[in-house]
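Survey of secondary and tertiary structure
Read off the chains here:
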Amino acid sequence: MRRVVITGAGTINALGHSVSATMEAMREGRCGIGALEFRDVERLSIQIGGQVRGFEAEGRFNRQQMSLYDRFTQFTLTAAKEAIAQSGIEFHGDLSAKSGVVLGTAGGGVSTWDDNYRSVYEDGKNRVHPFVVPKLMNNAAASHVSMEFNLKGPSFTVSTACASSNHAMAQAFQLVRSGMAPAMVTGGSESMLCFGGVKAWEGLRVMSRDACRPFSANRNGMVQGEGAGVFVFEDYEHARARGAEILCEVVGYAMSSDAADIVMPSKQGAARAIAGALQDARVAPESVGYINAHGTGTAANDKTECAAVADVFGPHADRLMISSTKSMHGHLIGGTGAVELLACIMAVRDGVIAPTIGYEEPDPECALDVVPNEAREAKIDVALSNAFAFGGLNAVLALKKI
């Protein structure tokens, strides 16, 4: 099995339009959640979210591209460009033929769905744009990344609700580790912050009207976000041979299914994914210093995740740091694990632990070190990134300092 490293990272989200801006916001414990701004927002009960502001697509893409790129694809291409530029990798010849793209998204082109439903049902139009289907399909972003960067190897999209990005990155990791691909572009994106997207989530009654406060006793629900995170996963020897800067090493992953309930999480399913990632990475529980939690800010998720961590780590759970950056950038649904992986990279590479902001009251059922409100400096060798999705689909990644 080959070693797999990360040589490039890119993002756009509510905290910033780049990795450096996002990590700076995480260090400062800055909140990117605010009042939503889009058509008919006043008809919604939930009017806050982690919206990407100041993003001018028209200045980045030409008219033909705009007809093909939903907002989630625009975000993906923006993040991919940053990641590949940082990596310095160029996809030509055999490298191009064998390298590919695996991305995660839950909703795909939700904004395109929303716009065109309005056009047909509200405005009474009998025609839609001929590119509606290729614009809204979940694999649109992966396909456009492959075309933009000449990636001709295995390329596909994973859609597993809130675990989509972690499942996608796990597949990319396995493709490189097994030798099937020398490099993979991977991560995920989401843009559900439109009237229809938020209205659908309102129906679940799991959304907060004021703030995301994971692990705090007075938490009252999740807050949606949008954006993308994209990475270059590369064979260690290949990266070293070309003199690439290595951000960290991906050392393991695990996936599990609760096989229990479509919306309620299972402690056993989450624990099996966490324990499986440790086993795959061949690291002892005591080696883990930080976990980026799924941490949605809902009562069911937070207490279940904390119980799973306590089960897997035993006494070491009290010495772990576990934080939810969703408190800052919101829940990007299928794209969330990709943005959250940045916090794990920051932990192992820079020794900075992103905080859980909005924490106000201790919860006996979440009695772990949740790094409340302020970032912390700490030397970390191994970090985990948790993702637990509706449908009981779980995926955990393990990163290591290099």
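Residues numbered from 1 in each chain as written. Predicted model: local features only at pLDDT ≥ 70, side-chain atom pairs only at ≥ 80, totals over all residues. Heavy atoms only, no water.

1. Considerations on the overall build of the chain
- Regarding its fold elements, the chain presents 14 helices and 14 strands.
- In terms of its C-alpha atoms, the chain occupies a principal-axis envelope of roughly 65 × 55 × 40 Å.
- Looking at the chain as a whole, 61% of its 402 residues are labelled buried.
- Intrachain contacts of the chain at a sequence separation of at least 6 include 78% that bridge at least 24 residues.
- Total accessible area computed for the chain in this model is approximately 15500 Å², and 50% of it derives from carbon and sulfur atoms.
- The average position of the 36 basic charges and that of the 43 acidic charges among the side chains of the chain differ by 4 Å. (Helix = DSSP H or I, 4+ residues; strand = E, 2+ residues; numbered from the N terminus. Buried < 20%, exposed > 50% of the residue type's maximum accessible area, 1.4 Å probe, protein only. Contact = heavy atoms within 4.5 Å. Areas by Shrake-Rupley, 256 points an atom, 1.4 Å probe, with all protein chains shown as cover. Lys, Arg positive; Asp, Glu negative; His and termini not counted. Charge placed at Lys NZ, Arg CZ, Asp CG, Glu CD.)

2. Points about the environment of Asp 261
- Here Asp 261 is to be found in the loop between strand 8 (248-257) and helix 11 (267-281).
- On the accessibility criterion, Asp 261 (34% relative accessible area) is partly exposed.
- Look past the residues within four positions of Asp 261 in its chain and what remains in contact with it is Gly 391 and Gly 392.
- Engagement of the side chain of Asp 261 in a polar contact is seen with the backbone nitrogen of Val 263, the distance being 2.9 Å.
- Among the polar contacts made by the side chain of Asp 261, one reaches the main-chain amide nitrogen of Met 264 at a distance of 2.9 Å. (Polar contact = N/O pair within 3.5 Å; in protein donor to acceptor, adjacent residues only side chain to side chain.)

3. Quick look at the packing of aromatic side chains
- Using the criterion set out here, one finds 6 aromatic pairs in the structure.
- Between Phe 61 and Tyr 69, the aromatic rings sit 5.2 Å apart at their centres with planes inclined by 90°, giving edge-to-face as the arrangement. Accessibility classification places Phe 61 together with Tyr 69 in one group, the buried group.
- Ring-pair connections join several aromatic residues into one group, and the members of that group are Trp 113, Tyr 117 and Tyr 121.
- Here Arg 3 stacks its cationic end above the ring of Tyr 236, 4.3 Å away from the centre of that ring. (Phe/Tyr/Trp six-rings, centres within 6.5 Å; stacked < 30°, edge-to-face > 60°. Lys NZ or Arg CZ within 6 Å of the ring centre and 35° of its normal.)

4. Some points on the nonpolar core
- Residues Ile 6, Phe 231, Phe 233, Tyr 290, Ile 345, Ile 353 and Leu 399 are the most contacted members of the largest nonpolar core, which totals 47 residues.
- Secondary-structure elements contributing two or more residues to this core are strand 1 (4-13), helix 1 (19-28), helix 8 (164-177), strand 7 (227-235), strand 8, helix 14 (336-350), strand 11 (352-353) and strand 14 (393-400).
- It is helix 14 that contributes the most residues to this core, 9 residues altogether.
- Other than its neighbours up to four places away in sequence, Phe 233 contacts Val 4, Val 5, Ile 6, Met 169, Ala 172, Phe 173, Val 176, Pro 182, Ala 183, Met 184, Thr 186 and Val 250.
- By size, the runner-up hydrophobic cluster in this structure holds 31 residues, among which are Ile 274, Ala 308, Val 382 and Val 396. (Core = buried A, V, L, I, M, F, W, Y, C linked by side-chain atoms within 4.5 Å.)

5. Here we look at the pattern of salt bridges
- Applying the stated rule across the entire model yields 23 salt bridges.
- The salt bridge partner of Arg 2 is Asp 235, with a shortest N-O separation of 3.3 Å. Here Arg 2 is found in the segment before strand 1, whereas its partner Asp 235 is found in strand 7, with 233 residues between them in sequence.
- Judged by relative accessible area, which is 44%, Arg 2 ranks as partly exposed.
- The exposure class assigned to Asp 235 is buried, which follows from its relative accessible area of 10%.
- We note a salt bridge from Asp 40 to Arg 118, for which the minimum N-O separation is 3.0 Å. Residue Asp 40 is located in the loop between strand 2 (34-35) and strand 3 (48-49), and its partner Arg 118 is located in helix 5 (residues 110-122); the two are separated by 78 residues in the primary sequence. Accessibility assignment for this pair places Asp 40 and Arg 118 in one class, buried.
- A cluster of three or more residues bridged by salt bridges with shared partners is formed by Arg 39, Asp 40, Arg 43, Asp 114, Arg 118 and Glu 122. (Salt bridge = Lys/Arg side-chain N within 4 Å of Asp/Glu carboxyl O.)

6. What to know about the UniProt feature "domain: Ketosynthase family 3 (KS3)" (unreviewed entry) in the chain
- In the numbering adopted here, UniProt assigns the feature "domain: Ketosynthase family 3 (KS3)" (unreviewed entry) to residues 1-401.
- Secondary structure within residues 1-401 divides into 35% helix and 19% strand; the distance between the first and last C-alpha atoms comes to 19 Å. (UniProt positions renumbered as here; feature names shortened; annotations may be inferred.)

7. Digging into unusual backbone geometry
- Here the phi dihedral of Arg 282 falls at roughly 60°; this positive angle occurs in a residue that is not glycine.
- Note on placement: Arg 282 falls in the loop between helix 11 and strand 9 (288-292).
- For Arg 282, a relative accessible area of 79% corresponds to the exposed category.

8. Focus on helix 14
- The terminal C-alpha atoms of helix 14 lie 21 Å apart, and with 15 residues this matches the ideal 21 Å at 1.5 Å per residue to within 8%.
- Phi turns positive, to about 70°, at Gly 351, one or two residues after helix 14. (Expected span 1.5 Å × (residues − 1).)

9. Some points on the sheet that holds strand 13 (residues 382-389)
- Spatial ordering of the open sheet is given by 5-4-6-7-1-8-14-13-9-10, a layout of 10 strands whose pairing is mixed. Every interior strand has two partners, whereas the edge strands, strand 5 (155-158) and strand 10 (321-323), have only one. Strand after strand, the sheet turns through a mean of 25° between neighbouring axes, direction not considered.
- Relative to strand 14, strand 13 runs antiparallel, the two being bridged by 8 bridges. Bridge pairing in strand 14 links Asn 386 to Val 396. (Pairing = 2+ DSSP bridges. Axes fitted to C-alpha atoms, helices over the stretch in contact; angles between N-to-C directions.)

10. Here's the deal with the side chain of Ser 256
- When you line up the elements, Ser 256 lands in strand 8.
- A distance of 2.7 Å separates a polar side-chain atom of Ser 256 from the backbone oxygen of Gly 269.
- Excluding residues within four positions of it along the chain, Ser 256 makes contact with Gly 269, Arg 272, Ala 273, Gly 392, Leu 393 and Asn 394.

11. Some points on the side chain of Thr 304
- Mapped onto the elements of the fold, Thr 304 is located in helix 12 (residues 299-313).
- Classification of Thr 304 as buried rests on a relative accessible area of 14%.
- Sequence-distant contacts of Thr 304, that is, excluding residues within four places in its chain, are made with Pro 265, Ser 266 and Lys 267.

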